[in-house]
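Below are the chains, spelled out letter by letter.
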Amino acid sequence: MRWSQFYLFTTREVPSDAEVVSHRLMIRSGMIKKVAAGIYTYMPYGWRSLQKLSTIVRRELEAAGATELSMPAVQPAELWEESGRWQEYGKELLRIQDRHNRDFCFAPTAEEVITDIVRRDVSSYRQLPINLYQIQEKFRDEIRPRFGLMRGREFLMKDGYSFHTDDASLDDSYQAMQQAYCRIFEACGLEYSVVEADTGNIGGSSSHEFMVLAETGESAVVRCAECHYAANTEKATTRGLLAPPALPANERQLVPTPGAKSVEEVSTLLQIEPSQVVKTLLYETEDGLVAALVRGDREINEIALTNHLGVQHLTLASEEKVRAATGAPVGYAGPVGLDESIRQVADSSVRELDGWVCGANQGDAHYTGCRWERDAGTVEWADILLVEPGDPCPKCGRPLDGFRGIEVGHIFKLGTKYSEKLSCTFLDNEGQSHSMPMGCYGLGIGRTVAAAIEQNHDEDGIIWPRPLAPFEVLVNVLNPKDPEVSAAADAIYASLREAGVDVLYDDRDERPGVKFKDADLIGIPVRIVVGGRSLAQGTVELSHRRDRERHAVAPDAVVSRVLEWLSADSG
RNA sequence: CGGGGCGUAGCUCAGCUUGGUAGAGCGCACGGUUCGGGAUCGUGAGGCCGGAGGUUCAAAUCCUCUCGCCCCGACCA
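In this report, the structure presented in the accompanying data block is examined. Values in this document were obtained by computation on a predicted structure and should not be read as measured data.

1. Description of the side chain of D198
And then number 1: Inspection of the secondary structure assignment puts D198 in the loop between β9 (192–196) and β10 (206–213).
And then number 2: For D198, the side chain forms a polar contact with the side chain of N307, separated by 2.6 Å.
And then number 3: Excluding residues within four positions of it along the chain, D198 makes contact with S207, E234, K235, I303, N307 and H410.

2. Section: the pairing of strand β19 (residues 365–370)
And then number 1: Within β19, six of the six residues are buried, which leaves it mostly tucked inside the rest of the structure.
And then number 2: Pairing between strand β13 (residues 253–256) and β19: four bridges, direction antiparallel. Bridging across to β19, P256 finds its partner in A365.
And then number 3: Sheet analysis places strand β18 (residues 356–359) next to β19, joined by three bridges and oriented antiparallel. Counted as the bridge partner of C358 is Y367 from β19.
And then number 4: As consecutive antiparallel partners, β18 and β19 are separated by five residues, and within that stretch N361 has a phi angle of approximately 55°, a positive value.

3. What about the sheet that holds strand β27 (residues 473–477)?
And then number 1: Taken together, the five strands give an open sheet; going across it, the order is β28-β27-β29-β30-β31, and neighbouring strands pair in mixed fashion. The sheet terminates laterally at β28 (503–506) and β31 (551–553), the two strands that pair on one side only. Pairwise comparison of adjacent strand axes, ignoring direction, gives a mean angle of 25° for this sheet.
And then number 2: Judged from the four bridges that link them, β27 and β28 form a sheet pairing that is parallel. Directly across from N476, in β28, lies its bridge partner D506.
And then number 3: Contacts between helix α16 (residues 558–568) and the sheet are confined to β27, β29 (526–530), β30 (540–544) and β31, with β30 contributing the most and set at about 5° to the helix.

4. So, the pairing of strand β2 (residues 39–42)
And then number 1: One ladder, built from four bridges, connects strand β1 (residues 32–36) with β2; its direction is antiparallel. Within β2, the residue paired with I32 across the bridge is Y42.

5. Digging into the sheet that holds β18
And then number 1: Within the open sheet, the three strands sit side by side as β13-β19-β18. Their pairing is antiparallel. Where the open sheet ends on each side, the last strands, each with one partner, are β13 and β18. Going across the sheet, the axis of each strand differs from the next one's by a mean of 30°, ignoring polarity.

6. Things to note about the nonpolar core
Generally speaking, nonpolar side chains in soluble globular proteins are found buried as a group.
And then number 1: Residues M31, Y45, F185, W464 and L504 are the most contacted members of the largest nonpolar core, which totals 60 residues.
And then number 2: Taken domain by domain, the makeup of this core includes at least three residues from each of domain 1 (3–237 + 402–453) and domain 3 (471–568).
And then number 3: Sequence-distant contacts of Y45, that is, excluding residues within four places in its chain, are made with F6, L8, S29, G30, M31, W464, P470, F471, I522 and I524.
And then number 4: One finds M71, V113, F163 and L414 within the second-largest nonpolar core, a separate group that totals 26 residues.

7. A closer look at helix α14 (residues 512–522)
And then number 1: Along α14, the positions that sit buried rather than exposed are K515, D518, A519, D520, L521 and I522.
And then number 2: Here the buried face of α14 lies against α1 (21–28), α2 (44–63), β26 (461–462), β27, β28 and β29.

8. Remarks on the side chain of K515
And then number 1: Checked against the element boundaries, K515 lands in helix α14.
And then number 2: Not counting the four nearest positions on each side in its chain, K515 is found in contact with N476, V477, P480, D506, D507, R508 and E510.

9. Side note on the environment of I56
And then number 1: With respect to the helices and strands, I56 occurs in helix α2.
And then number 2: On the accessibility criterion, I56 (6% relative accessible area) is buried.
And then number 3: Considered as a pair, I56 and C188 are 132 residues apart in the sequence and their alpha carbons are 8.5 Å apart.
And then number 4: Ignoring sequence-local partners within four residues, the contact set of I56 consists of I184, A187, C188, P467 and L468.

10. A word on unusual backbone geometry
And then number 1: The peptide bond linking L128 to P129 adopts the cis configuration, its omega dihedral lying at 0°.
And then number 2: Despite not being glycine, F147 shows a phi value in the positive range, around 60°.
And then number 3: For F147, the position within the fold is in the loop between β7 (130–139) and β8 (154–163).

11. Thoughts on the protein's contact with RNA strand B
And then number 1: The immediate surroundings of RNA strand B are formed by 49 residues, with R12, E92, I143, D520 and E541 found nearest.
And then number 2: Close to the protein, within 4 Å, the atoms of RNA strand B belong to sugar or phosphate groups at a rate of 49%.
And then number 3: One nitrogen or oxygen atom from the side chain of H410 is found 2.8 Å from a phosphate oxygen belonging to RNA strand B.
And then number 4: Elements with a minimum of two residues in the surface near RNA strand B: β8, β21 (401–415), α14 and α15 (532–535).
And then number 5: Ranked by residues supplied to the surface near RNA strand B, first place goes to α14 with seven residues.
And then number 6: Per-class residue counts for the surface near RNA strand B are 16 nonpolar, ten polar and 23 charged.

Rules and cut-offs
- Counting restarts for each chain, with residues numbered from 1 along the sequence as it is written.
- For naming, the first written chain is A and the first written ligand is 1, with later ones following in the order written.
- Totals for whole chains, interfaces and linings use all residues, but because this is a predicted model, local features are given only for residues with pLDDT of at least 70 and pairs of side-chain atoms are given and counted only at 80 or more.
- Water and hydrogen atoms play no part in the side-chain values, which are based on all heavy atoms of the structure.
- For the purposes of this entry, the term helix denotes a DSSP run of H or I that reaches at least four residues, the term strand denotes a run of E that reaches at least two, and both are numbered from the N terminus.
- Identification of polar contacts relies on pairs of N or O atoms within 3.5 Å, with a donor-acceptor requirement for protein atoms, meaning one able to donate a hydrogen and the other able to accept it, and with residues adjacent in sequence counted only if both atoms are side-chain atoms.
- Here, two residues are considered to be in contact whenever any of their heavy atoms come within 4.5 Å of each other.
- Using a 1.4 Å probe on the protein chains alone, a residue whose accessible area is under 20% of its type maximum counts as buried, one over 50% counts as exposed, and one in between counts as partly exposed.
- At least two DSSP bridges between two strands are needed for those strands to be called paired.
- Helix axes are fitted only over the stretch in contact, all axes being lines through C-alpha atoms; the angle between N-to-C directions runs from 0 to 180 degrees.
- We define a nonpolar core as any set of buried Ala, Val, Leu, Ile, Met, Phe, Trp, Tyr and Cys residues linked to one another through side-chain atoms lying within 4.5 Å.
- These domain boundaries are the output of an automatic or database domain assignment.
- Any residue with a heavy atom positioned within 4 Å of a molecule or strand is treated as near that molecule or strand.
- The classification used treats Ala, Val, Leu, Ile, Met, Phe, Trp, Tyr, Cys and Pro as nonpolar, Asp, Glu, Lys and Arg as charged, and all other residues, Gly among them, as polar.

Shown next, in the form of structure tokens:
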């Protein structure tokens, strides 16, 4: 491809709204253009990279036994009502009406449509298992889109679905998909980690996320270097957290704590550790108020709490609700003497405490010297602590490491959640009818490319891992107006194309400085510079974007050297 | 949806406090000198100041309302 004929315009300056590196570089290198919040045009240079990744994804999925199809983006409400998600999905589901006022949505995912397809076509165990996928634009009306392709509202995603006769078969496909994902991310040269995850509103019994390690990642992950336990902190648990020293607990005492609302203030005032305080947070749910109890020095994992309660919505209770429920301002709630109608859930970590301190459900007062069995009401025990780096691994007890990640893939064992609702059944070899266990497998195409840039760049621009690079080789002719230089560059370009190399030929009549800066910015892995200076020595210059070290090579040796480099750097 | 902030030339921004002929840099066009790391000099094009009302002799500037965008929290590939 000749640059002069390609639609690629780089910019020196960045729009002020781009904050993270991948977003800035994608805009500066002319990969994407914003059309509205979270909605982008993939420009030719960016589209090529997305296509490269899509090709890798197709190759690995087909190898793992999946088959591609393409489902509609606009889907009828009826199917979503059948699964219950027309109500459950909430505002994130973009709903539209046609000219007859019939309801439709723009698909955020495609469980309903795929299940509808399979239930019509499949009726026998002999036809199973089935594994289908598509690569398609999805729409989720995100509360807050941000960071370019990292969190768009419309985004390119590979979504796959599998159907089975039993859980063992589902396990097989789940494993096969997990391995295919690993091969995909490895092929892209990404540093990633597979972690246990919460299933969110997709539902199902178990799931794993693929996290690309990056400072700017939106997800927090903990990992054990010893036994390789790894989990999103939304899902992570811990065991054997060191309990703080017990306090005297012969009798419970009401102590005045005027103005001390926070755990910090209370523990300072009473000269104890924050960890010896039982922190009580009141939440509102559709089933009423809930009190969540956790150690004073720690946070609550609201997702774990939501899952434990089995509720849809969970938000911190308002000031008024707290006052009405406890008779005290925010900051003085506690499990002792709390209204019995309020469900209480306590994290296992506070069970070890003895002689603990808590709010007295009256203004400016706390209890000291409390004991669970003696003083507290009915308490459910659950793991609702937000795990932090340094906490013991739940499997082996070693301290967990923490890091941030970008969630580029997420796989789920759905079980029969959708197949039951939509009556997707098959007959077994005894003529018995069963719902099909299902799996579902998502992979963010745009997000993976963004993640690759987050992991591979320097201050001058992108450093593409070869498999995702929009082009593999850049031929840069420094003075295209010089017939001799131009002819030499043309010849190299032609012979590279003949050799099947994916090459961009910067034949633009620009100053060398401009072309060098652009080359660094757009980050094509291998660069060939053809200029009068080196050509006079009978050579051209080859370099890798990663180290930019120049190698003088005779023009007729360029192709073989380039092929050598590309195969060495095959990812 | 809560909290914070921003809409002025294609892009990055100044001007607004204290109302009075709309500015700079980059980019773009033309010409000169340049030509291996975003050259330089000159000339020029380009803006109903997000939109609608209002106050005023006069509004980018003050007021009201709207729309859009960004950042921080709850969602997710």
